[in-house]
Amino acid sequence: MKDWSDEEAEKAEDYHRLVEDWKFKKDGKGGFLGDRSLQVALNWRDKYNPNEAWAVMYADKPGGATDFQAVMRFLEDSEEKDEQEKAEKERQQQDKIRIRNLIIAIITVLLICVLGSFVFALWWAREAKKTELKAISSSARAYFASDQQLEALIESLKAGRELKQWYSQTIDSKTKLQVLAVLREIVYKVNERNRLEKHKDSVSCLSFSKDGKLLASGSEDKTIKLWKRDGSLFKEIDNKSPVKSLAFSPDGEVLISGDDDKTIKLWNIRSKAHPIKLPKQEDSVKSVDFSPDGKRFVSASGWGITLWEQNGKLTKNFPILHTAQVNSVKFIDNNTIASGSDDKTIKIWRIDGKEIASWEDSNQVVDIAFNSKRQLIASASGDEIKLWSRDRKRKEESLKEHKSKIFTLSFSHDGQSIASADENGRVIIWNLDTLKPIANLEGHSNSVASIRFSLDDRILASASYDNTIKLWSRDSKEPLTILDKHTDTVNEVSFSPDGQKIASASADKTVKLWSRDGKELKH
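Explain empty space enclosed by the protein to me, and be specific about the residues and the numbers.
Counting across every chain of the model gives 3 cavities of 30 Å³ or more. Estimated volume of the largest cavity: approximately 50 Å³. Contributing to the lining of the largest cavity are Phe-208, Gly-212, Lys-213, Leu-214, Leu-215, Trp-227, Lys-228, Arg-229, Lys-501 and Leu-513. Within the residue set of the lining of the largest cavity, elements represented by two or more residues are strand S3 (214–219) and strand S4 (223–228). Classifying every residue of the lining of the largest cavity by side-chain character gives 5 nonpolar, 1 polar and 4 charged.

Break down the sheet that holds strand S22 (residues 406–411) for me, citing the residues and quoting the values.
If you walk across this open sheet you meet the 4 strands as S22-S23-S24-S25, and the pairing is antiparallel. Because the sheet does not close on itself, it has two edges, and the strands there are S22 and strand S25 (436–441). Strand after strand, the sheet turns through a mean of 20 degrees between neighbouring axes, direction not considered. Pairing geometry for strand S23 (residues 417–422) and strand S24 (residues 427–431), over 5 bridges, is antiparallel. Each bridged residue has a counterpart across the sheet, and for Ser-417 the counterpart in S24 is Asn-431.

Which residues make up the nonpolar core, and what values go with them?
Counting 18 residues, the largest nonpolar core has Tyr-15, Leu-18, Trp-22, Leu-33, Trp-44, Val-71 and Leu-75 as the members making the most contacts within it. For this core, the elements supplying multiple residues, two or more each, are helix H1 (2–26), helix H2 (35–48), helix H3 (52–57) and helix H4 (68–145). At 6 residues, the largest contribution of residues to this core is made by H4. In this structure, Ala-369, Leu-376, Ile-406 and Leu-409 belong to the second largest nonpolar core, which totals 15 residues.

Let's hear about a negative patch on the surface: which residues, and what values?
Together, Glu-76, Asp-77, Glu-80 and Glu-83 make up a negatively charged patch on the protein surface. By the element assignment, Glu-76 lies in helix H4.

So what about H2? Which residues, and what values?
Helix length check: H2, at 14 residues, gives a terminal C-alpha distance of 20 Å against a target of 20 Å (1.5 Å per residue), a fit within 8%. Among the residues making up H2, those that are buried are Leu-38, Ala-41, Leu-42, Trp-44, Arg-45 and Tyr-48. End-on view of H2: buried residues confined to an arc of 155 degrees, all on one side of the axis. Away from its buried face by more than 90 degrees, H2 exposes Asp-35, Arg-36, Asp-46 and Lys-47. Asn-49 lies just past H2 and shows a positive phi near 45 degrees.

For the layout of surface pockets, give the residues involved together with the corresponding values.
As a volume, the second largest pocket reaches approximately 240 Å³. Lining the second largest pocket are 16 residues, with Ile-237, Asp-238, Trp-267, His-274 and Pro-275 sitting closest to its centre. Counting only elements with at least two residues in the lining of the second largest pocket, the list comes to strand S5 (233–238) and strand S8 (264–268). Considering every element that reaches the lining of the second largest pocket, the biggest residue donor is S5, with 4 residues.

Calculation rules
- Residues numbered from 1 in each chain as written.
- Predicted model: local features only at pLDDT ≥ 70, side-chain atom pairs only at ≥ 80, totals over all residues.
- Heavy atoms only, no water.
- 1 Å grid on protein atoms, 1.4 Å probe; cavity = no way out; pocket = protein on both sides within 12 Å on 5 of 7 lines; lining within 4 Å.
- Points joined across faces, edges and corners; volume = space filled by probe spheres on them.
- Helix = DSSP H or I, 4+ residues; strand = E, 2+ residues; numbered from the N terminus.
- Nonpolar A, V, L, I, M, F, W, Y, C, P; charged D, E, K, R; others polar.
- Pairing = 2+ DSSP bridges.
- Axes fitted to C-alpha atoms, helices over the stretch in contact; angles between N-to-C directions.
- Core = buried A, V, L, I, M, F, W, Y, C linked by side-chain atoms within 4.5 Å.
- Buried < 20%, exposed > 50% of the residue type's maximum accessible area, 1.4 Å probe, protein only.
- Patch = residues over 30% accessible without salt bridge, like charges linked within 9 Å, V, L, I, M, F, W, Y side chains within 5 Å.
- Areas by Shrake-Rupley, 256 points an atom, 1.4 Å probe, with all protein chains shown as cover.
- Salt bridge = Lys/Arg side-chain N within 4 Å of Asp/Glu carboxyl O.
- Lys, Arg positive; Asp, Glu negative; His and termini not counted.
- Charge placed at Lys NZ, Arg CZ, Asp CG, Glu CD.
- Expected span 1.5 Å × (residues − 1).
- Arc of directions from axis to C-beta.

Right under this line is the structure:
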């Protein structure tokens, strides 16, 4: 009996705690049962299976039994709420697991991708290097086959250097052997000696001796070099200043140099004696020229023009009638000189200093040329060429076809044509009878600095800032030959007196000799 009463008391106590929790929830002072309380209440319910009749016996007050259903609903709701929370926690836990697994999968994929990319990159780099080595080797062979031996040597050495860098890595043995074979072949066979490469700075001017046996080149490196007909160096002259202009005497024994430091020097070609150094001029000496008989020479510096005897004795300082820089001065004959200036004038002088004629141009005169057969003077200024009759018996003519500044002019030797070239790379050959263009040559991609006709007038050579010399016929629309072995702007081009050789001077520090069909000459 005692056991039953104890159990009943415990049963009633658990119920009263449940009722109290329900009241707290009803009064807004509490919530659903927590984990521990809920588990105790559920154990109580499952163990005793209480009913409303039993609850009446333990009600705190009348009507308490009526609340039994509400208390039991409270317990059910608490159980349901607990199950929902547990389900939510389970769902969240599953979400976390899924996210973790997803992250692991993504990282795994990324690692696989990175590893694959790395492997692919190594493969691609190897294949690219193989392709590059083969291309360099092919280029070296092509240069060698076209007789560009220096370029062939440079390319083959480049391939060897690249191979050495990758030799211990994944380049296959077949590729290695191919590159080494080309390298050995070219190193043993190359024997190029056709470049005049003694200068250390841009080559600015050239002059052939009248007999064609010597070529003089003047450079910004403050030296003058004399080259033999075969291209070997005959003599090197330390000029102490950048060289702006050169001219041989007709007998080829004396060379005049005009310098950047306002100095004119006379060099005896066959002697080791010091040059005759003339008094300082007004400015940089931009132009020098010998008279046809070799008894005199003329120089232009700043605004001034000076006449000298061959031995350097001053003959006359011409009156300063030009009012700006004189760009070009040339002998027309033994007794007459022509000059062109930035003051937009062309003047003709007698050697006694008397002005014979003067013409005003529309722009600065950058170049003048004289044709003895027609007694015509041509001047280049702006985008226009003017033709002037020396005796003034012919009306001044204008040639207007260029669209940009003209840089240089050249008469043909037969007096039938004149050629002009501009800063856009256009070259025009004009018929002097009709004054119409007979050829528009547009093969250059940059300014043309120098043009010259061959002795027989069949070929016109044009030297350009696009690093090339082009050879044209009078009626051609495309160049006969392109000489493209310079690596910097070509400043001047000149035919030898016999017309069989071409010399070019470049900012790449070299002078090159070519045959008239465009082949580099070896020595």
